[in-house]
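Tertiary structure, described
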Amino acid sequence: MEDTTNLTETSTGSWIASNYVYIVVPIGAVIFIILCLVTLWIIRKCIRKYRQRDYDYSALEDEMGLSEKLRLERQMQLDARRESALLNCQFYMRSISGQYAMQEHLYDIGSRLNRNWFLVHDIRHKRLKLMTLTIKPASSDISLNNKSTRKTLKEMFKLIQHPYLLPVDNLDFIPEQDLVVLVQYFSFKGSLKDIIYKSKPKTLYDQKYSLPGQGLYLQQIQLYGKQVLEGLSYLVDNGFHVQGHVQSGNVIMYDDVCRLSGYENTIFGYPAKQIHSIKRRVTRGKDEEDVLGFGMLLYEMCAGCELDTCNPNDSHFQRCQHLPEVIQILEYIFYNPKGKTPTLSQVKNHEFFRDIRLVDLQKNRPLPMQLTSSMKTLIKQSNSKRKGIKLKRSEDGRMRASSNPDKSSTTPPHLADFTKSLPAPHIGSPKLPPPPKPVHVQTPPTERTSLLRAIERGATLKRTVTDDRSTPKM
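Everything quoted here is computed from the prediction, not taken from an experiment. (Residues numbered from 1 in each chain as written. Predicted model: local features only at pLDDT ≥ 70, side-chain atom pairs only at ≥ 80, totals over all residues. Heavy atoms only, no water.)

Now for the overall build of the protein chain. Assigned secondary structure in the protein chain consists of 18 helices and 7 strands. For the protein chain, buried positions account for 41% of its 474 residues. Of all intrachain contacts in the protein chain linking residues separated by at least 6 positions in sequence, the fraction that spans at least 24 positions is 66%. Accessible area of the protein chain: about 29900 Å², with a carbon and sulfur share of 56%. (Helix = DSSP H or I, 4+ residues; strand = E, 2+ residues; numbered from the N terminus. Buried < 20%, exposed > 50% of the residue type's maximum accessible area, 1.4 Å probe, protein only. Contact = heavy atoms within 4.5 Å. Areas by Shrake-Rupley, 256 points an atom, 1.4 Å probe, with all protein chains shown as cover.)

Attention shifts here to the pattern of salt bridges. Tallied over the entire structure, the rule returns 12 salt bridges. Notably, a salt bridge pairs aspartate 172 with lysine 154, separated by 3.4 Å at the nearest N-O pair. Placement of the pair is aspartate 172 in strand 4 (residues 170-174) and lysine 154 in helix 4 (residues 147-158), with a sequence separation of 18 residues. We classify aspartate 172 as buried; its relative accessible area is 16%. A cluster of three or more residues bridged by salt bridges with shared partners is formed by Lys193, Lys273, Glu300 and Glu306. (Salt bridge = Lys/Arg side-chain N within 4 Å of Asp/Glu carboxyl O.)

Position of glutamine 274 among the secondary structure elements: in the loop between helix 8 (264-268) and helix 9 (275-279). Between the C-alpha atoms of glutamine 274 and glutamate 306, which are 32 residues apart in sequence, the distance is 9.9 Å. Once residues within four sequence positions are removed from consideration, glutamine 274 is found in contact with Gly244, Val246, Gln247, Gly293 and Met296. Within the structure, glutamine 274 has its side chain in polar contact with the backbone oxygen of valine 246 (distance 3.1 Å). (Polar contact = N/O pair within 3.5 Å; in protein donor to acceptor, adjacent residues only side chain to side chain.)

Attention now moves to the sheet that holds strand 4. Judged by pairing direction, the sheet is antiparallel, and its 5 strands sit side by side in the order 1-2-3-5-4 without closing on themselves. With partners counted over all chains shown, the strands left at the sheet margins are strand 1 (100-105) and strand 4, one partner each. Across the sheet, the mean angle from the axis of one strand to that of its neighbour is 30 degrees, orientation sign disregarded. Where strand 1 lies against strand 2 (residues 115-122), 5 bridges are found, and the strand directions are antiparallel. From the neighbouring strand, tyrosine 100 faces strand 2, where its bridge partner is aspartate 122. Helix 3 (residues 66-95) rests against strand 1, strand 2, strand 3 (127-135), strand 4 and strand 5 (179-185) of the sheet, and its axis sits at about 35 degrees to strand 2. (Pairing = 2+ DSSP bridges. Axes fitted to C-alpha atoms, helices over the stretch in contact; angles between N-to-C directions.)

Right, let's get into the pairing of strand 4. Where burial is concerned, most of strand 4 is hidden: 5 out of the 5 residues are buried. Burial of strand 4 is two-sided: the residues Asn170, Asp172 and Ile174 facing one way and the residues Leu171 and Phe173 facing the other way are all buried. Across 5 bridges, strand 4 lies against strand 5 in antiparallel orientation. Within the sheet, the bridge partner assigned to isoleucine 174 lies in strand 5 and is leucine 179. Turn length for the strand 4-strand 5 hairpin, with the two strands adjacent in sequence and antiparallel, is 4 residues, and the turn residue aspartate 178 shows positive phi of about 55 degrees.

Between its terminal C-alpha atoms helix 3 stretches 44 Å, which fits the 44 Å expected from 30 residues at 1.5 Å a residue. When we look at burial in helix 3, the residues that qualify are Arg82, Ala85, Asn88, Cys89, Tyr92 and Met93. Residues of helix 3 that are buried in the fold lie against strand 1, strand 2, strand 3, strand 4 and strand 5. Directly after helix 3, the chain includes serine 97, whose backbone phi takes a positive value near 55 degrees. (Expected span 1.5 Å × (residues − 1).)

By size, the foremost hydrophobic cluster in this structure holds 73 residues, and its most contacted members are Leu153, Met156 and Phe157. The element contributing the most residues to this core is helix 10 (residues 286-303), with 10 residues. If we skip the residues at most four places from it in the chain, methionine 156 touches Phe240, Ile267, Met369, Leu371, Met375, Leu378 and Ile379. By size, the runner-up hydrophobic cluster in this structure holds 14 residues, among which are Met93, Ile96, Leu133 and Val181. (Core = buried A, V, L, I, M, F, W, Y, C linked by side-chain atoms within 4.5 Å.)

Here we come to the confidence of the model for the protein chain. Residues with a pLDDT of 70 or more make up 72% of the protein chain, whose mean pLDDT is 78. In the model, residues 388-420 has pLDDT below 50 throughout and makes 46 contacts with residues more than four positions away in sequence or in other chains. Every residue in residues 423-445 scores below 50 in pLDDT, and together they form 19 contacts with partners more than four places removed in sequence or on other chains. (pLDDT = per-residue confidence, 0-100.)

Let us now look at the side chain of arginine 259. Mapped onto the fold, arginine 259 is located in strand 7 (residues 257-260). Summary of buried charges: arginine 259 has no salt-bridge partner, and the nearest side chain of opposite charge, aspartate 255, is 4.8 Å away. In this structure the side chain of arginine 259 is engaged in a polar contact, spanning 3.4 Å, whose partner is the backbone oxygen of proline 163. The residues touching arginine 259, leaving out its near neighbours within four places in the chain, are Pro163, Tyr164, Leu165, Leu166, Pro167, Asn250, Val251, Ile252 and Tyr254. (Lys, Arg positive; Asp, Glu negative; His and termini not counted.)

What follows is the structure, given as structure tokens:
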């Protein structure tokens, strides 16, 4: 039995050894074919995915609208501008030997273009301050390459000390980049606009003022308005005119006191946000611009929204109907019965502000600024280009006033009907005369007009003979 088993195993092993090639080769061929098929399937699937991805990307780029492309391009430009401003700020702080330390690069917390805001730590005084880097406008006549000019500017702004003006802690320049560096105190409460709109000062400008604000109480309007008036009057008495920069974003709430800022914008020639609305009413010059800007600020404190014109009507005053006292002072500013805009001293002596006492001003009454001749020359130089524009516009305004003297300072008829319902007495004024009828100038008729009139009347036209010379001559 054992011999038979051994014989069977020996015969099987010999058969496998003799047929080994015929078994292994087909199996290996089948495995190789399967691997090739799997590899080809994977490669084809990857190619299909890659082509599908390219198609999707190209479709998205083609379907992207023009507005989206412009938005992305604008965002790229803003990012590049922020990065460049950050490098300039770091370069400047290294150049002044560690006086400030970078705390945060803020977003655009203001509306002015070509300006960047930085929150820095003052190492010497150990407090946070706000540093701004702004490109000097091309229309400005001030040269930053002149060392004496830079020295005069620094000394001049150090002289401005008032309880209701935000002091300039440091003013410097980067002449190679045409940049103006300004350092002032940082307020965690923000500006008066932040109080009205109940927003945080470090939020993006387009976001924190997108919703309507809430007006202030009467006592707050009187107190804050009187503080701004005193600071503005101090600047005007010393030769500075804010020229439209009196707006709630430039009124900083510091130690529960309103402090006016932005007065340096006039020296460097930065345009005001609401200057176009003010210019349409200006007929007498810079004093009138300051008063009209202050009137627009009063309206925003009462209504909780900006005033977009210097000629408010009944739809604007309806937002202030809960405070008739505010409507009276607004009428006094915009529709004065004497036919012209009042001065700052006249507005301060109005009964709306007459009984408001300012303790800070009584304790620390500022002295007049001692401006040098170079400072006065610099102020005149900064206003020289703007003065030419004002003279031209004021001349146009006088021409309009000569043809209709009560146009710019008379209460409109529809506003008079609204103010009659108020308990306070209304300032009356005569109605505007109707506009003159247009005069038609008759011009002498020409041959063509005579022919057209004859055709309209149906006149018989003369028969004409046509000399046809188009046939060729043989």
